[in-house]
Structures are given as structure tokens and as C-alpha cells.
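Geometric and topological summary
What follows is each chain in one-letter form.
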Amino acid sequence: MKLTKERIVDAGMAVFAEVGYQNLSMRQVADRLDAHAGSLYYHVRGKDELLALMADRVCRRAYDDGTEALAALPPAATWQDRIGSQAAALRRSIKQHPGGAQLLAESPGMLSTGALSLMERLLRTLLDAGLPADHCGIAADTLLSHVTGFVLQEQNQPAAPPPVTAELHAELCERFPLVMGPVIPRLSQDEKFTRSVRLLCIGFAALS
């Protein structure tokens, strides 16, 4: 098959899912495509650009997912509902790619239409909600950082929690009564995410 930028990004995503951010190499991507590493540079200047293109693809798909989620909201939806839908769509999109959160967090800076589209829509939602313009940029950036960090924790969770004996559990409860007690409810990841976005929106609303 003809070598194209899209095929290189496809291969890059597949290799990234296996080896991670630091270990990804252009040679591995070329091997996945059964091509010479040098031929990739006619389409992509190097690893940094490839990572940026991969991150942009995740963002563009997240934007499209957000568009569908917003269209499904009822006409009476609040701006908090619109923020929640965009955040949830971004989380779902990132989770579809193994290591996707790490990719967004660590990819080199590059003009990305996907990332700019996500930010533009968030800013418009916040401005339409009546938030002061000088706070909207920080609010939108905080929300995007929160979603990325939340998924990063999810994707780095061990397959199973470490074993804890009854004796160790009792000791931890004694030393850390707030952490181990009812102050921090044991919630599903979905519920925890929903509540965290609501808390951010409460903070954003206080700025208006």
C-alpha cells in the first residue's frame, strides 16, 4: 500500500499503544508499515511531529464526539450540562487510545487544529455562561488539564489492587482516619469524574 501521512499516524498509534511515549521510534513505526525508516521522513519530519499528529487526531475525534454529545442535550440544558458533556466526551475519546492521556500530556507543542477546536468551544460555552473573559482561558485550561490527568490516573491503575491484610488495614485506618474513613466516599470512576466536573463548574460559576 502507498505510504501516506495517515497510514504513518495509524502505525504510530499502534506502536505507541505497545511501547509508550518514551520508547516510540520511527524505526518501529517503519517496521509496522514494512517500510524503510527513511521513507517516513518524506511525510513526517520526525518523532516529535508524529507524536503531535497523533495527539491532534485524538483531539479531533474528541471534538467530533463532543459535537454528538452536545446535539443530544435537551434545549433547556444548562451551561454546566454543556461543559459536562464536552468533558465526558473528551474522557471517552482519550480512553479509547491506550496511553492516550500520556500522549496529550507529553506530546511536544505544535499548532493543532484539534486541540484549538476543543479549547475554542469550551471558551465559547464559558463566555456564553457569563463568565468574565479574563477568567475563561484559565477555566478552560483547568478543565482540559483535569480531564487529561483523570484519565492518566485511570490508564495507569494496576489491573488489581495490592493485597492488604486485616492488620495493615486497621493500622492504616488508625494513621489516616480521614483518607480511610467515610469522608472520601468509595465511588465508581464514572461517578467520581462527574462529581469532579460539577465541582469545577461550581468554582467557575463563582467567577461570574
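Definitions and limits used
Residues numbered from 1 in each chain as written. Predicted model: local features only at pLDDT ≥ 70, side-chain atom pairs only at ≥ 80, totals over all residues. Heavy atoms only, no water. Salt bridge = Lys/Arg side-chain N within 4 Å of Asp/Glu carboxyl O. Helix = DSSP H or I, 4+ residues; strand = E, 2+ residues; numbered from the N terminus. Buried < 20%, exposed > 50% of the residue type's maximum accessible area, 1.4 Å probe, protein only. 1 Å grid on protein atoms, 1.4 Å probe; cavity = no way out; pocket = protein on both sides within 12 Å on 5 of 7 lines; lining within 4 Å. Points joined across faces, edges and corners; volume = space filled by probe spheres on them. Nonpolar A, V, L, I, M, F, W, Y, C, P; charged D, E, K, R; others polar. Expected span 1.5 Å × (residues − 1). Contact = heavy atoms within 4.5 Å.

What follows deals with the pattern of salt bridges. Throughout the structure, instances matching the rule amount to 10 salt bridges. In this structure, Arg60 and Asp56 form a salt bridge, with 3.0 Å as the shortest nitrogen-oxygen distance. Of this pair, Arg60 and Asp56 both sit in helix H4 (residues 47-71), 4 residues apart, roughly one helical turn. Take Arg60: its relative accessible area is 36%, and that puts it in the partly exposed class. Salt bridges sharing common partners tie together Arg91, Lys95, Glu154 and Asp190.

Once that is clear, we can look at empty space enclosed by the protein. For the coordinates displayed, the defined rule picks out 1 cavity of 30 Å³ or more. In this structure, the largest cavity encloses a volume near 70 Å³. Of all the elements in the fold, those that place two or more residues in the lining of the largest cavity are helix H5 (79-95), helix H7 (113-128) and helix H8 (133-155). Each residue belonging to the lining of the largest cavity can be placed in one class, and the counts come to 8 nonpolar, 1 polar and 1 charged.

A word on H5. A rise of 1.5 Å per residue sets the reference length of H5, with its 17 residues, at 24 Å; its end C-alpha atoms lie 24 Å apart and thus fit the reference within 8%. Burial in H5 covers these residues: Trp79, Ile83, Ser85, Gln86, Ala87, Ala89, Leu90, Arg91, Ser93 and Ile94. Among the structural elements, H4, helix H6 (100-106), H7, H8 and helix H11 (189-205) are those in contact with the buried residues of H5.

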